[in-house]
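Commentary on secondary and tertiary structure
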Amino acid sequence: MTFEVVRHQLPLFEEDGRAAATDDEHGRDLHYLPDLPEEDPYAAGHRTCAGCGPAIQYRWVLKAAGQDTVVAGPTGCMYVANSTYLCTPYTVPWAHTPIASGGSFTSGMAAGYEAMIRKGRYPGPYPNILVMAGDGSAADIGIGSISGALYRNHDALFVCYDNECYANTGIQTSPTTPYAGMTTFTPFGKAIPEGKKLPPKNLAKMMAEGHPHCYVATTTVGYPVDLMNKTRKGLNHVGAAFLHCYTPCQKGWVYQTSMTVELGRRVVESGLWPVWEYDPQERTYHYFHPPVQRPVTDYLAMQGRFGHMLPEHVATMQVSANRNWETIGMDVPKTLRDLEDPARHQRLHDEEYSMPLNRGVGA
Ligand SMILES: Cc1ncc(C[n+]2csc(CCOP(=O)(O)OP(=O)(O)O)c2C)c(N)n1
Ligand code: SF4
Ligand SMILES: [Mg+2]
């Protein structure tokens, strides 16, 4: 006898609720937090750094997913800092996986639950199954296993929490570390004054283009309702879904602890992190158009990891941001186009500072 596999449908949060009640002078809502669910499957009492972006993301993803959830966590900060022997902050089942195996482990969980429910060995409903892997895992060491799981279309949500470095082992460069981002493996110096020379890997677009039957989206910790709704959409989607979330790392990026959520907005407003959703039915991208367009320096200046940048590096960054504005269908204002000229950033060089905060401290 075969039993039916019954699936949850999680309702979406109001995008226009309390969070949109009051605007600042740019039209940005002043309240970052919506009315969150009471339940906290990722409870207080873990050991991540103060202001840790991945920890904020974990909390909101799990609030959105709710209590009937099982989680896999490949090796990284969010495994090491969250779990010591016999102790984790999870109030839902959670398992550590090797860093390369987040995708295959989660495929196994998904296939296992389906089979057990069909055979009547598990009463159901089918739980929310998710893996939250760092960028080192999802974009580099474990990308093969995640791509395999997406391709086979297992019913699970694959999240990359992207702190743009291998944080846990001491802030080494990863494929998503931005151009000029200083890490312990990309120090700046006379030979390579920009620190990192390569642009970041476009992980989410790779996942969407390469697995067009999957729901794929990007988001940041600057937009909690968006993050939580995309979590729910990914879980509601029957089949594989991939969510790429920007999550600042306070220790590695060197910024003021309270600025994690603000960075999550500024990275979008400076054109460096397009927020979008890929609809597998229509096979189209839906791009978010932020109400403010800022120069990249509004973002870079908040972080010590960019403190060494010279005018030509800042100009290169502005060129990529302007390309992103075009990709998402927004006009590039003349003020931002002009900033593609290194001469416009000469002041940073002449005054011998570029970053008002933590100049030269770095990772
Ligand atoms: C195959 C393998 N190589 C290297 C390591 C060492 N290692 C443990 S955590 C980690 C960093 C992972 O980076 P990321 O996935 O970005 O997570 P984060 O630490 O940034 O949260 C590394 C390299 C490992 N555990 N397994
Ligand atoms: S090193 Fe970064 S990612 Fe790791 S716990 Fe600290 S802030 Fe979070
Ligand atoms: Mg990382």
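Residues numbered from 1 in each chain as written. Chains lettered and ligands numbered in written order. Predicted model: local features only at pLDDT ≥ 70, side-chain atom pairs only at ≥ 80, totals over all residues. Heavy atoms only, no water.

**Focus: the site of ligand 2**
The line we're drawing: In these notes, residues near a molecule or strand are those with any non-hydrogen atom within 4 Å of it. Just so you know the grouping, Ala, Val, Leu, Ile, Met, Phe, Trp, Tyr, Cys and Pro go in nonpolar, Asp, Glu, Lys and Arg go in charged, and all remaining residues, Gly too, go in polar.
What surrounds ligand 2 is the set Thr48, Cys49, Cys52, Pro54, Cys77, Asn163, Cys249, Gln250 and Lys251. Across the shell around ligand 2, the residue classes tally to five nonpolar, three polar and one charged.

**Details of the confidence of the model for the chain**
So the rule is basically this: Per-residue confidence from the prediction method is given by pLDDT, with values spanning 0 to 100. Any two residues whose heavy atoms approach within 4.5 Å are treated as being in contact.
With 91% of its residues at a pLDDT of 70 or more, the chain has an overall mean of 91. Across residues 353–363 the pLDDT falls below 50, and counting only partners more than four positions away or on other chains, this stretch makes 34 contacts in the model.

**Looking at helix H11 (residues 311–327)**
Under the convention used in this document: We count a stretch as a helix when DSSP gives it H or I for four or more residues in a row; a strand needs E for two or more, and each element gets its number in order from the N terminus. An expected span of 1.5 Å times one less than the residue number is assigned to each helix.
Taking 1.5 Å as the rise per residue, H11 with 17 residues should run 24 Å; its terminal C-alpha atoms sit 25 Å apart, in good agreement. Where H11 ends, the next residue or the one after it, Gly329, has phi of about 80°, a positive value.

**Details of the nonpolar core**
In summary, soluble globular proteins display a tendency toward joint burial of nonpolar side chains. Cut-off, in case you're wondering: Nonpolar cores are built from buried Ala, Val, Leu, Ile, Met, Phe, Trp, Tyr and Cys residues. Side-chain atoms within 4.5 Å join them into one set. Per-residue accessibility, obtained with a 1.4 Å probe over protein chains only, is compared with the maximum for each type, and a residue is labelled buried under 20%, exposed over 50%, and partly exposed between these values.
With 32 residues, the main nonpolar core has Tyr42, Tyr58, Val71, Met78, Leu130, Met132 and Leu157 as its most contacted residues. For this core, the elements supplying multiple residues, two or more each, are helix H1 (53–65), strand S3 (128–134), strand S4 (157–162), strand S5 (215–220), helix H7 (224–236) and strand S6 (241–246). By residue number, the principal contributor to this core is H1, which donates seven residues. If near-sequence neighbours (up to four positions away) are discounted, Val71 is found in contact with Leu62, Val92, Pro93, Trp94, Ala95, Met109, Leu130 and Met132. Among the nonpolar cores identified, the runner-up in size contains 30 residues, and Tyr126, Ala149, Cys160 and Tyr278 belong to it.

**Some points on the sheet that holds S6**
Backbone-to-backbone hydrogen bonds pair the strands of a sheet. The strands run either parallel or antiparallel. Filter applied, for reference: Pairing between strands is defined by DSSP: at least two bridges between the two strands are required. Lines fitted to C-alpha atoms define the axes here, with helix axes fitted over just the stretch in contact, and angles between the N-to-C directions of these axes take values from 0 to 180 degrees.
Judged by pairing direction, the sheet is mixed, and its eight strands sit side by side in the order S2-S1-S3-S4-S6-S5-S7-S8 without closing on themselves. The open sheet has two free edges, formed respectively by strand S2 (94–97) and strand S8 (284–287), since each of these has just one partner strand. Between one strand axis and the next, the sheet turns by 20° as a mean value, whatever way the strands run. Direction of pairing for strand S7 (residues 276–279) relative to S8: antiparallel, over a ladder of four bridges. Residue Glu277 lies in a different strand from S8, and its bridge partner there is His286. Across the sheet, helix H9 (residues 260–269) lies against S5 and S6, angled at about 115° from S5, the strand it touches most.

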